[in-house]
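# An overview of the molecular structure
Listed below are the residues making up each chain.
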Amino acid sequence: MKQPTAARKAAVAAARAVVRKLNHRIARRTAKVGIIGLGYVGLPLACLFAEKGFPVTGFDVDPKKIDSLNAGKSYIKHIASKRVAPLVRAGRLAGSAGFRELRKMDAVIICVPTPLTRFREPDMRFVVATAETIANTLRPGQLVVLESSTYPGTTTELVKPILERGGLKSGRDFLLAYSPEREDPGNETYGTASIPKVIGGDGPAALDVAKNLYDGAVVKTVPVSSPEAAEAIKLTENIFRAVNIAMVNELKVIFDAMGIDIWEVIEAAKTKPFGYMPFYPGPGLGGHCIPIDPFYLTWKARAHNINTRFIELAGEINTQMPRYVMTRLADALSRRAGKALRGAKILMLGLAYKKNVDDMRESPALTLIEMLEEAGASVSYHDPFIPRIKPSREHGALTNRRSVPLSKARIAAADAVLIVTDHDRIDYRDVARHAKLVVDTRNALARAGIAGEKVIKA
Ligand SMILES: NC(=O)c1ccc[n+]([C@@H]2O[C@H](COP(=O)([O-])OP(=O)(O)OC[C@H]3O[C@@H](n4cnc5c(N)ncnc54)[C@H](O)[C@@H]3O)[C@@H](O)[C@H]2O)c1
């Protein structure tokens, strides 16, 4: 049998020492946790680690977020300042003044965006920039975890070589893992602490320490064999949603034509105690995950000469939904009021991509406004969570449009009210009472017990 060389023995001893030290600090809650990217994922994660007793430092390129955090103020609607402020006051959570502070961290967790480029390919700029920033101050004994949703191979093929540029080795000098974020903003049943966390380590030592760290914060950890497996798991979860939503959107179109209510079908179908899981139709996909992540796999699969046909088809069907909604709206206006879409006044309710959140990324509402205005309608919107449309690459022309107040007079003045997002805060009875016509893409009125001639589902 081949004897280990002295160098190999030294490497193993070094790795063991890193693991021992980090695990010791994690057990005593003295391990310093740095979170890079304090958005919808990073901020609640930072709060969670601080609540569990770890000293946490938040890093972000946006100085406004750092200032706000240090003032104990949340800048995300569903994360209360009263959750943030006591952690800041207690000295357990702080925004960092500069990225050199990363060197002091025991664990560095990356939660930066992973969008698509204009050509619908993975835009890895933020991950690469962050890896380069970490590499500048990387020291032996640190754990680095990537949480951003991404294609299988990102951690070991993209992030690891950048971190190793200075000569330190993953698994020997520092530890590297991937653990996908499963945050569901606005979900009142499951939050960061109660969602099990999948972890794949670049080697057993990384898995051991990363598991230990997250065990100190979340209800359950699910170790898997590699970062690639963990990356694939995240994409599988989101592709599962995208494909099922597409299927139910297609069924909606078919059943509409047959005069069958898709919502009634789903309500009854979900009483089957096995083999069925409800997904709901809507005006199109939105948010930072479901419309985007599947295409990370499509891109990577191309390198293996494989076509992702289910994903492409689901994308095609889901992308068609705003157009379908517009057709239903035009049809309803014409049949019910003898009106054309051109010149019609449309009041859109809800702009966020889903209910009760202030996130408008990829929201189909934005596409709908553009399409309706292109067709000659005049559109105003009301969204209690989005007072103003923020700049976005694809819908730049809508920047700074403002939510209008929701008054009886405004509802009555619209030729049609179009419900795109079913925020709980809207009084749907009032809407139904005063509107001439309501086109409902979320079944919000029926759920509020309101039916009638002037309500059309789309
Ligand atoms: N939002 C969700 O519900 C959700 C759920 C699961 C997974 N994810 C994934 O988590 C990741 C983050 O998503 P998010 O919704 O929190 O994004 P976000 O845009 O809300 O936040 C990202 C933050 O990263 C900061 N940032 C960008 N580049 C940086 C850099 N180089 N250094 C430091 N900070 C930088 C931005 O200023 C921003 O504050 C994405 O990969 C996303 O797909 C998001």
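Before reading on, note that the structure itself is shown above.
Residues numbered from 1 in each chain as written. Predicted model: local features only at pLDDT ≥ 70, side-chain atom pairs only at ≥ 80, totals over all residues. Heavy atoms only, no water.

Moving on to the site of the ligand. As a matter of local geometry, the ligand sits amid 26 residues, with Val41, Asp60, Lys65, Thr114 and Arg361 nearest to it. The backbone of Val41 places a nitrogen or oxygen atom 2.9 Å from an oxygen atom of the ligand. Here Asp60 contributes a side-chain N or O atom positioned 2.6 Å from an oxygen atom of the ligand. Protein contact buries 91% of the 830 Å² of open area that the ligand shows by itself. In terms of residue class, the shell around the ligand is made up of 12 nonpolar, seven polar and seven charged. (Near = heavy atom within 4 Å. Polar contact = N/O pair within 3.5 Å; in protein donor to acceptor, adjacent residues only side chain to side chain. Areas by Shrake-Rupley, 256 points an atom, 1.4 Å probe, with all protein chains shown as cover. Nonpolar A, V, L, I, M, F, W, Y, C, P; charged D, E, K, R; others polar.)

Quick look at the environment of Gly141 now. Looking at the secondary structure, you find Gly141 in the loop between helix 5 (125-137) and strand 5 (143-146). With residues up to four places along the chain from it excluded, the contact list for Gly141 reads Val18, Leu22, Asp106, Asp173 and Phe174. (Helix = DSSP H or I, 4+ residues; strand = E, 2+ residues; numbered from the N terminus. Contact = heavy atoms within 4.5 Å.)

Here the focus is the sheet that holds strand 3 (residues 93-95). The sheet built from eight strands is open, its strands ordered 3-2-1-4-5-6-7-8 with mixed pairing. The outermost strands of the open sheet, each flanked by one partner alone, are strand 3 and strand 8 (221-224). Averaged over all pairs of adjacent strands, the angle between their axes in this sheet comes to 25°, without regard to strand direction. Together, strand 2 (56-59) and strand 3 form the strand contacts of helix 3 (residues 63-70), whose direction differs from that of strand 3 by roughly 145°. Docked against the sheet, helix 5 engages strand 1 (33-36), strand 4 (107-110) and strand 5, running at close to 165° with respect to strand 4. (Pairing = 2+ DSSP bridges. Axes fitted to C-alpha atoms, helices over the stretch in contact; angles between N-to-C directions.)

Spatially, five strands are ordered 10-9-11-12-13 in an open sheet, and the strand pairing comes out parallel. Two strands in the sheet have a free side with no partner beyond their single neighbour: strand 10 (378-382) and strand 13 (455-457). Within the sheet, the average angular offset between the axes of one strand and its neighbour, ignoring direction, is 25°. Bridge analysis of strand 12 (residues 438-440) against strand 13 gives three bridges, and the strand direction is parallel. Directly across from Val438, in strand 13, lies its bridge partner Val455. Where helix 12 (residues 364-374) meets the sheet, its contacts fall on strand 9 (345-349), strand 10 and strand 11 (416-419), and the angle it forms with strand 9 comes to roughly 180°.

In this section: the pattern of salt bridges. Tallied over the full model, the rule gives 26 salt bridges. In this structure, Lys339 engages Asp415 in a salt bridge whose closest nitrogen and oxygen atoms are separated by 3.8 Å. Pair noted here: Lys339 is in the loop between helix 11 (309-337) and strand 9 and Asp415 is in the loop between helix 13 (408-413) and strand 11, with a separation of 76 residues, a long-range link. Using a relative accessible area of 32% as the deciding quantity, one classes Lys339 as partly exposed. On the accessibility criterion, Asp415 (13% relative accessible area) is buried. A salt bridge links Asp422 to Arg447, with the shortest nitrogen-to-oxygen separation between them at 2.5 Å. Here Asp422 is found in the loop between strand 11 and helix 14 (428-434), whereas its partner Arg447 is found in helix 15 (residues 444-447), with 25 residues between them in sequence. Taken together, the shared-partner salt bridges in this structure form one network comprising Arg25, Asp106 and Arg139. (Salt bridge = Lys/Arg side-chain N within 4 Å of Asp/Glu carboxyl O. Buried < 20%, exposed > 50% of the residue type's maximum accessible area, 1.4 Å probe, protein only.)

Bear in mind that shape data such as this cannot, by itself, settle questions of function.
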